[in-house]
Amino acid sequence: MQRSNENATAVTVEREGDRLCLGGSWTLAHYRALKRLLEHQPVPAGELTLQLDGVRALDTAGATLLANWLGAQRLQHWLVADRTLAPERRALLETVIKAVSREPAPPPRAAPLALVALAYLGAQVESLYRHFLQLSGFIGLVLQTLFSLLLRPWRWRMTALVNQIQETGFNAVPIVALLTFLVGAVVAFLGATVLGEFGAEIYTVNLVAYAFLREFGVVLAAILLAGRTASAFTAQIGSMKANEELDALRTLGLNPMELLVIPRVLALVLTLPLLTFVAIMAGLAGGALVALLSLDIPLGQFFRILADVPLRHYLVGLGKAPLFAFVVAVIGCMEGFNVSGSAESVGQHTTSAVVQSIFMVILLDAVAALFFMQVGW
Amino acid sequence: MAADGKQTALIEVRGLCNRFGSNSVHENLDLALYPGEILGVVGGSGSGKSVLLRSIVGLNRPSGGEVRLFGENLLALSGRKRSQLEQRLGVLFQGGALFSSLTVRENVALPLMEHAGLGRADAEALAEMKLALTGLAAHAGDLYPASLSGGMVKRAALARALALDPDVLFLDEPTAGLDPIGAADFDQLLLTLRNALRVAVFMVTHDLDSLWTVCDRIAVLSQKRVLVADTPERVAQHEDEWVQAYFNGPRGRAAHTAARET
């Protein structure tokens, strides 16, 4: 007689002649003990006779292990011949045998690693290309809808527009102002440190003024909007897509572009220049505070230097705002339309919208800086 | 009121009250679920069937009364004991509620890894068996929930509910949204599993065919309590107007005839 015992309460397999006596709890709770036990047991050869009277509890996990160990076919043969088994155990074993002997899915074909890497690279490049095509297409669609609406003022969605302006513009004022105020102060400190070595602290004012009028005001406001609003657009439109609300709009003969996208794009195009103005003012205030407190430049002198800065620098900065706003809004909305059903997809596309719009804002700003430098503005 | 009063109930609901603001859904509701039975719960829309299910599994704290699972009050237990008790319950939500970021097989393997302490390979092998048990095709395990059909979602969600071999299975409208053939298959699957696993089933449903085919008892929720809970034949005899309209209306009669013929 061969005997193996895991511990006092656990599972046993014993042989009495050609009979196999099982004992203990053949349940999920003892799965690991069972598995270890069966690994060291040779599979009995020849005619199989099982004795399950010692088994206190049997569930699908235990039955699966038994079926896998003995082989589903053999267990089935024994089950057919056996007359003593309790009906509920017989039903359980039969159900599990049927499940275990299902045809397994054909394993996926393995490709060489180099080929997989190459295919991955190809797929990425193709998806980038498709993405660019899609973005161009979407921009075209937005412009087309915009111009077709221009001639039909009775279809302007004023309520939605005003609502979006409040959401994306008005409610963003505190965070934009605070952030640019702090950056203005930091730039002033930086200027004071570097320029102070040449005894040219007074030019700190020029540094802050030029930086904020031309670049920082609009770029910071646009990046904040990309993080705050592009993500919101994607999540809003994406959940509507997941909930089939966009399809419902279409079947009602309504155009989601007109109802959802245009008010958002217009709201952003209208509010970003205003937010840029707020950002510039707050940045200058931050600079002025540092100039006053740590460089001893009185406010009067600060404003006199500011007044000498040509107006075109302000216009260069402000002129970029509608373009940035358009790009941020379009990317946010487009990613919303790309959402596919699941909660995870909403998250992925929201992330993607923020990353893309920040990238585009900085890229466009760099291109614009080059352009304005060449033109000499 | 039970078919066999001697057995101790797995679930006992006593004097349950549920109020949302000024709107009262349940008042002094009593209900019991016995081992190995399939209990169908019916009621008009808004009669609080889903709220009852959520109260029993502990997702909703009742305003009054008590729910005892296996003789214990779930909401009064400490976190660890509560988790142990919850592992004896399996819930199939109406929309499936499969985790969309995991494949079907990982969905089923998750509770096995978290609670039964299995390694990934063991858990996935066992999960594959559960998927086969609920009749899913072999390739479905690798799919994500988003690419499943309605019937496959129900089966995959059932496999997850059965992952830990629960003592009680809760089903919220399991056949809603399935075609008649799929719904009939699901009924047969439920009977097979009940007979094989000896699991008690608490099923909220509107499907008259299901009620006649699989239920041992039916509880009717009406007037904020359980109006009657008894065998389908006896419930159908109840004199209440709503019960009569439900079971002996044109659809109810057709379903009954169909169930008797099979």
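From a predicted model like this one, the values you see are computed outputs, not experimental measurements.

Parameters at a glance
The residue numbers shown here count from 1 along each chain, following its written sequence. Chain A is the first chain written and ligand 1 is the first ligand written, with later ones labelled in order. Owing to the predicted nature of the model, reporting of local features is limited to residues with pLDDT of at least 70; listing and counting of side-chain atom pairs is limited to 80 or more, with chain, interface and lining totals taken over all residues. Only hydrogens and water are removed before side-chain values are computed, so all heavy atoms of the structure are retained for them. Helical segments are the DSSP runs of H or I of at least four residues, strand segments are the runs of E of at least two, and each set is numbered from the N terminus. In this treatment the radius of gyration is a C-alpha quantity, and the globule benchmark scales as 2.2 Å times the residue count to the 0.38 power. Exposure classes here rest on a 1.4 Å probe applied to the protein chains alone. A residue is buried below 20% of its type maximum, exposed above 50%, and partly exposed in between. Pairs of residues are marked as contacts when any of their non-hydrogen atoms sit within 4.5 Å. Surface accessibility follows the Shrake-Rupley procedure with a 1.4 Å probe radius. Residue values consider only the protein chains on display as shielding. Note that His is not counted, nor are the chain ends; the positive residues are Lys and Arg, and the negative ones are Asp and Glu. The atoms used to mark charge sites are NZ of Lys, CZ of Arg, CG of Asp and CD of Glu. A pair is scored as a salt bridge if a Lys or Arg side-chain nitrogen falls within 4 Å of a carboxyl oxygen belonging to Asp or Glu. A residue's pLDDT is the predictor's confidence in that residue, given on a scale from 0 to 100. A pair of strands is labelled paired if DSSP reports no fewer than 2 bridges between them. As used in this structure description, the phrase polar contact means that two N or O atoms lie within 3.5 Å; if the pair is within protein, one of them must be able to donate a hydrogen and the other to accept it, and residues adjacent in sequence are counted only when both atoms belong to side chains.

Draft legend 1. Structural detail: the overall build of chain B. Check the secondary structure of chain B and you find 10 helices and 10 strands. Computed over C-alpha atoms, the radius of gyration of chain B comes to 18 Å, within 12% of the 18 Å expected from 2.2 N^0.38 for 262 residues, which places it in the range of a compact globule. Oriented by its inertia axes, the alpha-carbon framework of chain B measures out at about 55 × 45 × 40 Å. For chain B, the proportion of its 262 residues judged to be buried stands at 56%. The contacts of chain B with a sequence gap of at least 6 include a subset with a gap of at least 24, amounting to 65%. Taken as a whole, chain B presents about 11300 Å² of accessible surface, with 48% of it coming from carbon and sulfur. Across chain B, the mean location of the 26 positive side-chain charges is 5 Å away from that of the 30 negative side-chain charges.

Draft legend 2. Main features of the pattern of salt bridges. A full pass over the atoms with the stated rule returns 20 salt bridges over all chains. One salt bridge connects Asp-122 of chain B with Lys-35 of chain A, and the closest N-O pair in it is separated by 2.7 Å. Taken together, the positions of Asp-122 of chain B in helix α4 (residues 120-133) and Lys-35 of chain A in helix α1 (residues 31-39) put the pair across two chains. On the accessibility criterion, Lys-35 of chain A (27% relative accessible area) is partly exposed. The shortest N-O distance in the salt bridge between Arg-68 of chain B and Glu-66 of chain B comes to 2.7 Å. Classification of Glu-66 of chain B by relative accessible area gives partly exposed; the value is 27%.

Draft legend 3. Spatial organisation of the confidence of the model for chain A. Confidence in the prediction for chain A averages 89 pLDDT; 97% of positions are at 70 or higher. Here residues 1-8 of chain A is a poorly scored stretch, pLDDT under 50, and it has 20 contacts once near neighbours within four places are set aside; other chains count.

Draft legend 4. Examining the sheet that holds strand β5 (residues 72-73) of chain B more closely. All names here are of chain B. The strand order across the open sheet formed by 4 strands is β2-β1-β4-β5, and the pairing between neighbours is antiparallel. Looking at which strands have only one partner, the edges of the open sheet turn out to be β2 (23-33) and β5. Strand direction decides the pairing type here: strand β4 (residues 64-69) and β5, joined by 2 bridges, are antiparallel. Across the sheet, the residue bridging to Leu-69 is Glu-72, located in β5.

Draft legend 5. Broad picture of the side chain of Thr-134 of chain B. Residue and element names in this part refer to chain B. Within the element layout of this structure, Thr-134 appears in the loop between α4 and α5 (150-161). A polar side-chain atom of Thr-134 sits 3.0 Å from the main-chain carbonyl oxygen of Leu-131. Those residues in contact with Thr-134 that sit more than four places away from it in its chain are Arg-155, Leu-158, Ala-159, Leu-162 and Leu-189.

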